[in-house]
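This is what each chain is made of:
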Amino acid sequence: MVGKTVTLTGNLAAGKAAEMAKPKVIAVYPITPQTDIIEYLSGLVSSGKLEARFITVESEHSALAACAGAAWAGVRTFTATSSQGLLYMGEWVFWSGYGRLPIVMPVVNRCLAPGWSIFVDLQDSMAFRDAGWIQIYTKNNQEVFDTVLQAFKIGESKDISLPVMPCLDGFVLSHTTAKVELPDPEEAYSFVGDYSDPVVEVDVDNPWAYGGLVGPEQFNIARRDLMKAMERAKAKIIKVNKEFEETFGRSYGNGLVEQYGDDDADLTLITMGTMGDEADEAIDQLKQEGYKVNGVRVRTFRPFPVEDIVRIAKKNHKLFILDRAVSFGHEGPLRIEIEAALKRYNLDIPTSGDIVGLGGESVPYKRIMKIAKEALRS
Amino acid sequence: MGTKLKDLMNNPKEVFYKGHFACAGCGSALALRHAIGAIADKVILVVPASCTSVYQGSGKGVSFNVPTINTAFASSDSVASGIKAAMEIKGKDVHVVVWAGDGGTADIGIATLIGACDREEDILHIMYSNNVYSNTGGQRSGDTPIGARTSTTPDGNTTARKMVPFIMMADNAKYVATASVAHLTDLVDKVKKAVSLKGFKFIQIDATCPVAWKVDFSNSIEVARLAVQTGIWPLFEWERDTGKVIISRPSQKYLDKENRKPIKEWTEIQGRFRGVTEKQLKALDADTDRQWNFIKKFL
């Protein structure tokens, strides 16, 4: 088979990527707007097209717990969730991050109740930035597919061994059909490779205890090792992004951030997710009107691309950050991280920003143009 | 199956290395040594938060000689399901066994337990029942008997214990049994039978906690024996395929209430029942009858 161009929703793009990576255990619990991902995979397992155990558990808490069990047994695992479901599995999000279990779990970003809404903001996954997961935010359905495929390769690398959360905006991507180039499945699988050398593999003949009591010394060794793994993950994500480009002809900036525009612009807009795609359009339109605006889309929120942000900030001193989540009592989480990155490098660059798009509020390019013009005036 | 006393010393391998952290007279550690020891060559143990997560030892000093996955409290059967699924895919024939207390089974663990049961996961859940949250200092659990003082029921527990075996029968488990640390050969028989069957198996063991029950550790076995003799803890097996209950040999005599020792003989050697009222004892007796009447329906 060869690759082909099709139209897919973001959810099906995630499902197809998982299919091509051939996970062995998939444990799931349904939540809007994630359901198409798991329904698609259930069909594949039931028809025998995908050789895996598909476990329909009684809660998200158990979905991730079952994936963790399978990961401890050394096989490739997959699940997906969203919003309240992510919160409900929260204990296991931390457990699998700190336990270094390389589960791949797309999160279809949806706001948190109350009020009750099924539409996008990034409050759900942002709540788990400290859980030891690699988080990669996507801008379109093609990137959803590519990122889910890359996630297995990144997380399962023996020098990383971390779970990965590819994030896609609920409905804007999950339920919207768009063009996606699918690779030849065999080529896709060979890109990911077998999960043949797991760090952890529970074995009757070689008994070990996992997750038990430890004293402060061992505890700190484990946590510091996780910190180092996250730091190594930056280079790994860059490398996988490059290899992906060599194999399939697509890449996303350097893997950590994607820049659109010029360094010498008068303003840099920093965004995440689909807002990045709208920002690109806004930048094109603004250019026609004579404005010079640069766009930076933060792709990996964890590990956070401190060096890239600093490099760009040094060249362009006017930064405007668009957040789609809030850290109540402070600012948007993206802005907090960027300000901290600048401070770490003693860069005295004031930032400005806004919190937009909460609860599925639309952030089209026209609105971003308006925001950019105001920022340029101030 | 006919396990003999001398067989208890001939397990495939010893579960414990030297130096576990369990208290003297701990029913859980004793039960684990024999129940898991009997199948130790093929077992993967899944342990939610409990005394067992502590007494296995710490760091490099883990005393268990079987692979052990410690899990978050409310999810042991889900973790076990994932392990079993992975092992099946890998073509490895192993017994995945959840070893959980009454909190991790009857209370916070009930959703994961029933979820795995209704999916017919091929795992064995062993609930070692010490009737309280022993590891956190003896707070009431859903498994606490009427009248028992715990650190959160200073005047004695007022409600009947949650009978998880009955719940598992209703949820159509493959095999359900009760056992006691006072009858280890019977326990080993039941564990061996459970792992010979494919599907979800459940065994609840009455496992003395000398600390929470306030009994001298030298009476650890005696109090469990009295639970059988007073009828407080009926030993039985139930199989889905027959739909029948079989009263286990140590309990057969006590099917007839006339033969049971007075419940007071069980309560009086336990400090947790000090100050128990006649009303509470009456309620405890009525609850014991309720359990037997339930079981009798399946004879």
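Residues numbered from 1 in each chain as written. Chains lettered and ligands numbered in written order. Predicted model: local features only at pLDDT ≥ 70, side-chain atom pairs only at ≥ 80, totals over all residues. Heavy atoms only, no water.

Enquirer: Quick one: what's the story with the overall build of chain B, residue by residue and with numbers?
Expert: Per the secondary structure count, chain B includes twelve helices and ten strands. For a compact globule of 299 residues, the expected C-alpha radius of gyration is about 19 Å, and chain B comes in at 18 Å, within 12% of that figure. In terms of principal-axis extent, the alpha carbons of chain B reach across some 55 × 45 × 40 Å. For chain B, the residues scored as buried account for 62% of the 299 residues in total. Within chain B, residue pairs in contact and separated by at least 24 positions form 71% of the contacts whose partners lie at least 6 positions apart. Put simply, chain B shows about 11000 Å² of open surface, and 54% of that area lies on carbon and sulfur atoms. Both charge centroids of chain B, one from 38 positive and one from 31 negative side chains, sit 2 Å from each other. (Helix = DSSP H or I, 4+ residues; strand = E, 2+ residues; numbered from the N terminus. Rg over C-alpha atoms; globule rule 2.2 N^0.38 Å. Buried < 20%, exposed > 50% of the residue type's maximum accessible area, 1.4 Å probe, protein only. Contact = heavy atoms within 4.5 Å. Areas by Shrake-Rupley, 256 points an atom, 1.4 Å probe, with all protein chains shown as cover. Lys, Arg positive; Asp, Glu negative; His and termini not counted. Charge placed at Lys NZ, Arg CZ, Asp CG, Glu CD.)

Enquirer: Could you give an account of the overall build of chain A, naming the residues involved and the relevant values?
Expert: Helix and strand counts for chain A come out as 13 helices and 15 strands. Its C-alpha atoms give chain A a radius of gyration of 20 Å, within 12% of the compact-globule value 21 Å for 378 residues. Based on the C-alpha atoms only, the size of chain A along its principal axes is roughly 70 × 50 × 45 Å. Taking all 378 residues of chain A together, 58% fall into the buried category. Across chain A, contacts joining residues at least 24 apart in sequence account for 81% of those joining residues at least 6 apart. By element, 51% of the accessible surface of chain A is carried by carbon and sulfur atoms, the whole surface being about 14900 Å². When the 41 positive and 51 negative side-chain charges of chain A are each reduced to one mean point, those points stand 3 Å apart.

Enquirer: Outline the pairing of strand β7 (residues 175-180) of chain B, listing residues and values.
Expert: All names here are of chain B. Counting buried positions over the six residues of β7 gives six, a clear majority of the element. With burial as the criterion, each face of β7 is covered, one bearing Tyr175, Ala177 and Ala179 and the other bearing Val176, Thr178 and Ser180. Relative to strand β8 (residues 201-206), β7 runs parallel, the two sharing six bridges. Residue Tyr175 lies in a different strand from β8, and its bridge partner there is Lys201. The sheet contact formed by β7 and strand β9 (residues 236-239) spans three bridges and is antiparallel. Paired with Val176 across the strands is Trp238, a residue of β9. (Pairing = 2+ DSSP bridges.)

Enquirer: Would you mind going over helix α12 (residues 333-344) of chain A in detail, with residue names and values included?
Expert: Residue and element names in this part refer to chain A. In a regular helix each residue adds 1.5 Å, so twelve residues correspond to 16 Å; α12 covers 17 Å between its end C-alpha atoms and thus fits that length. Taken together, the buried positions of α12 are occupied by Pro333, Leu334, Arg335, Ile336, Glu337, Ile338, Ala341 and Leu342. Note on α12: the residue one or two positions beyond its end, Asn346, has a positive phi of about 55 degrees. (Expected span 1.5 Å × (residues − 1).)

Enquirer: An account of the sheet that holds strand β3 (residues 95-100) of chain B is needed here, citing residue identities and associated values.
Expert: With mixed pairing, the nine strands of this open sheet are ordered in space as β9(A)-β2(B)-β1(B)-β3(B)-β4(B)-β8(B)-β7(B)-β9(B)-β10(B). Looking at the sheet topology across the chains shown, the edges are occupied by β9 (209-210) of chain A together with β10 (245-247) of chain B. Pairing between β3(B) and strand β4 (residues 124-129) of chain B: four bridges, direction parallel. Among the inter-strand pairings, Val98(B) is bridged to a residue of β4(B), identified as His125(B). Sheet strands touched by helix α3 (residues 76-89) of chain B: β1 (43-48), β2 (68-71), β3 and β4 of chain B. Its angle to β1(B), the strand with the most contacts, is close to 155 degrees. (Axes fitted to C-alpha atoms, helices over the stretch in contact; angles between N-to-C directions.)

Enquirer: Give a description of the domain arrangement of chain A that names residues and reports values.
Expert: Residues and elements named next belong to chain A. According to the domain assignment, chain A consists of domain 1 (4-248) and domain 2 (257-377). Placing the centre of domain 1 and that of domain 2 at their C-alpha centroids yields a distance of 27 Å. Tallying the contact residues gives 29 residues for domain 1 and 26 residues for domain 2. Taken together, both faces of the contact between domain 1 and domain 2 bury some 2200 Å²; the carbon and sulfur share is 55%. Run the count over domain 1 and domain 2 and you get six salt bridges. Here Glu143 makes a salt bridge to Arg299, at a shortest N to O gap of 2.5 Å. Run the count over domain 1 and domain 2 and you get 17 residue pairs in polar contact (both at pLDDT 80 or more). Looking at the side of domain 1 that touches domain 2, the elements with two or more residues in it are α6 (123-126), β6 (134-137), α7 (141-156) and α9 (216-248). For the side of domain 1 that touches domain 2, the leading source of residues is α9, giving five residues. Here the side of domain 1 that touches domain 2 is built from residues that sort into 14 nonpolar, seven polar and eight charged. (Domains from an automatic or database assignment. Buried area = accessible area lost by both parts, 1.4 Å probe. Salt bridge = Lys/Arg side-chain N within 4 Å of Asp/Glu carboxyl O. Polar contact = N/O pair within 3.5 Å; in protein donor to acceptor, adjacent residues only side chain to side chain. Nonpolar A, V, L, I, M, F, W, Y, C, P; charged D, E, K, R; others polar.)

Enquirer: Provide a residue-level description of the interface of chain A and chain B, including the pertinent values.
Expert: Interfaces are frequently sized by the accessible area removed from exposure as the parts join. In this complex, chain A contributes 34 residues to the contact, which on the side of chain B involves 42 residues. Summed over both partners, the interface of chain A with chain B buries about 2700 Å², with 66% contributed by carbon and sulfur atoms. For the chain A face of the interface with chain B, the top three residues by lost area are Arg53(A), Val204(A) and Leu213(A), together amounting to 23%. Linking chain A with chain B are four salt bridges. Between Glu121(B) and Arg53(A) there is a salt bridge, with the nearest N and O atoms lying 3.3 Å from each other. If you look at where chain A meets chain B, you find eleven residue pairs in polar contact (both at pLDDT 80 or more). Secondary-structure elements contributing two or more residues to the side of chain A that touches chain B are β3 (53-56), α3 (60-72), α5 (90-98) and β9 of chain A.

Enquirer: So what's going on with the packing of aromatic side chains? Which residues, and what values?
Expert: How two aromatic rings sit relative to each other is given by the distance of their centres and the angle of their planes. Under the defined criterion, the tally for this structure stands at 20 aromatic pairs over all chains. Taking 5.5 Å as the distance between ring centres and 70 degrees as the angle between the ring planes, the aromatic pair formed by Phe191(A) and Phe248(A) counts as edge-to-face. Of this pair, Phe191(A) sits in helix α8 (residues 185-192) while Phe248(A) is found in helix α9, placing the two residues 57 residues apart along the sequence. Classification of Phe191(A) as buried rests on a relative accessible area of 6%. A relative accessible area of 14% places Phe248(A) in the buried class. On the numbers, 4.7 Å between centres and 50 degrees between planes, the contact of Phe244(A) with Phe248(A) is tilted. In this pair, Phe244(A) and Phe248(A) are both assigned in helix α9, four residues apart and thus about one turn of the helix distant. One exposure class covers both Phe244(A) and Phe248(A), and it is buried. Feature note: the residues Phe166(B), Phe236(B), Phe294(B) and Phe298(B) constitute an aromatic cluster, connected by ring pairs. The ring of Trp116(A) carries Arg110(A) above its face, with NZ or CZ at 5.6 Å from the centroid. (Phe/Tyr/Trp six-rings, centres within 6.5 Å; stacked < 30°, edge-to-face > 60°. Lys NZ or Arg CZ within 6 Å of the ring centre and 35° of its normal.)

Enquirer: Describe the sheet that holds strand β2 (residues 25-28) of chain A, listing the residues and the values that go with them.
Expert: All names here are of chain A. Strand order in the open sheet made by the three strands is β3-β2-β4, with parallel pairing throughout. In this open sheet, the two strands that pair with only one neighbour each are β3 and β4 (77-78). Both β2 and β3 contribute to a ladder of four bridges, which runs parallel. Within β3, the position partnered with Ala27 by the bridge is Ile55.

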